[in-house]
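Structural description and commentary
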Amino acid sequence: DTVSLANPAATSLESLYSREFTTPARILEIGEVATPTQFGPYFPDEGHLTFIHRLAFRDDIPWSYGTLYYPRRFAEKLTEERLAHFPTYRLLRELYGLKLVRSHFEAKAVAAASDVASFLDIDPFSAALALSCVTFDDTGAAVGAFEMTFRGDPFIFSFETLHELG
């Protein structure tokens, strides 16, 4: 099940992403990659990260396309089936007992590259929102990151970046 937007126990990030999973996400590829340069400072002891190329939907329409990254030690339980139905934040908390306390986001308006546009079912160079994020646990360690591109259709993007503890 997805987390209800009205569920008072849902974290702000679960509320933000739960609607994507009313239609299961399409997991396009799972593998391992050398830690991307932009995430190297956050994962200094990780030479490689597990990656997931994912296409998420909102109301059966392609909504976001991108790549999730996390340390290899989380790969076993973050299965394709789970990733298609639940936000990674929720899975890290429930399967590994992590206390997620902070996420650093960067958002920018971009023109959708041809490959991204084809996944999002929009014209190449259409307006899109690129979102990059690194999430930290209660020890200050980075436990996940992503780079996603969202359709530029008009929508309100409002969220908190602190995670509830407990």
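Here's a quick rundown of the structure.

In this section: empty space enclosed by the protein. Applying the stated criterion to the full structure yields 1 cavity of 30 Å³ or more. Here the largest cavity defines a volume of roughly 180 Å³. Leu 68, Thr 88, Tyr 89, Ala 145 and Phe 146 are the residues nearest the centre of the largest cavity, which is lined by 18 residues in total. Within the residue set of the lining of the largest cavity, elements represented by two or more residues are strand S3 (61-71), helix H3 (88-96) and strand S6 (142-151). Tallied by class, residues from the lining of the largest cavity come to 14 nonpolar, 3 polar and 1 charged.

For the rest of this paragraph, the subject is the side chain of Asp 137. Along the chain, Asp 137 falls in strand S5 (residues 127-137). In this structure Asp 137 is buried but unpaired, with Arg 73 as the nearest side chain of opposite charge at 5.9 Å. Of the polar contacts made by the side chain of Asp 137, one reaches the side chain of Thr 139; its length is 2.6 Å. In this structure, Asp 137 is in contact with Leu 98, Lys 99, Leu 100, Val 101 and Val 143, ignoring residues within four places of it in sequence.

The subject of this paragraph is the side chain of Thr 88. Note on placement: Thr 88 falls in helix H3. Classification of Thr 88 by relative accessible area gives buried; the value is 15%. Those residues in contact with Thr 88, other than ones at most four positions away along the chain, are Leu 68, Leu 78 and Leu 83.

Turning to the pattern of salt bridges, a few remarks are in order. Taken as a whole and judged by the stated rule, the model has 3 salt bridges. In this structure, the salt-bridge partner of Arg 73 is Glu 46, at a minimum N-O distance of 3.0 Å. In this pair, Arg 73 sits in the loop between S3 and helix H2 (80-85) while Glu 46 sits in the loop between strand S1 (26-34) and strand S2 (48-58), placing the two residues 27 residues apart along the sequence. A salt bridge links Arg 90 to Glu 94; the shortest N-O distance between them is 3.0 Å. Here the residue Arg 90 and the residue Glu 94 both occupy positions in helix H3, the gap between them amounting to 4 residues, near one helical turn. Residue classification places Arg 90 among the buried residues on the basis of a relative accessible area of 16%. By relative accessible area, which is 48% here, Glu 94 ends up partly exposed.

What counts and what doesn't
- Residues numbered from 1 in each chain as written.
- Predicted model: local features only at pLDDT ≥ 70, side-chain atom pairs only at ≥ 80, totals over all residues.
- Heavy atoms only, no water.
- 1 Å grid on protein atoms, 1.4 Å probe; cavity = no way out; pocket = protein on both sides within 12 Å on 5 of 7 lines; lining within 4 Å.
- Points joined across faces, edges and corners; volume = space filled by probe spheres on them.
- Helix = DSSP H or I, 4+ residues; strand = E, 2+ residues; numbered from the N terminus.
- Nonpolar A, V, L, I, M, F, W, Y, C, P; charged D, E, K, R; others polar.
- Buried < 20%, exposed > 50% of the residue type's maximum accessible area, 1.4 Å probe, protein only.
- Lys, Arg positive; Asp, Glu negative; His and termini not counted.
- Salt bridge = Lys/Arg side-chain N within 4 Å of Asp/Glu carboxyl O.
- Polar contact = N/O pair within 3.5 Å; in protein donor to acceptor, adjacent residues only side chain to side chain.
- Contact = heavy atoms within 4.5 Å.

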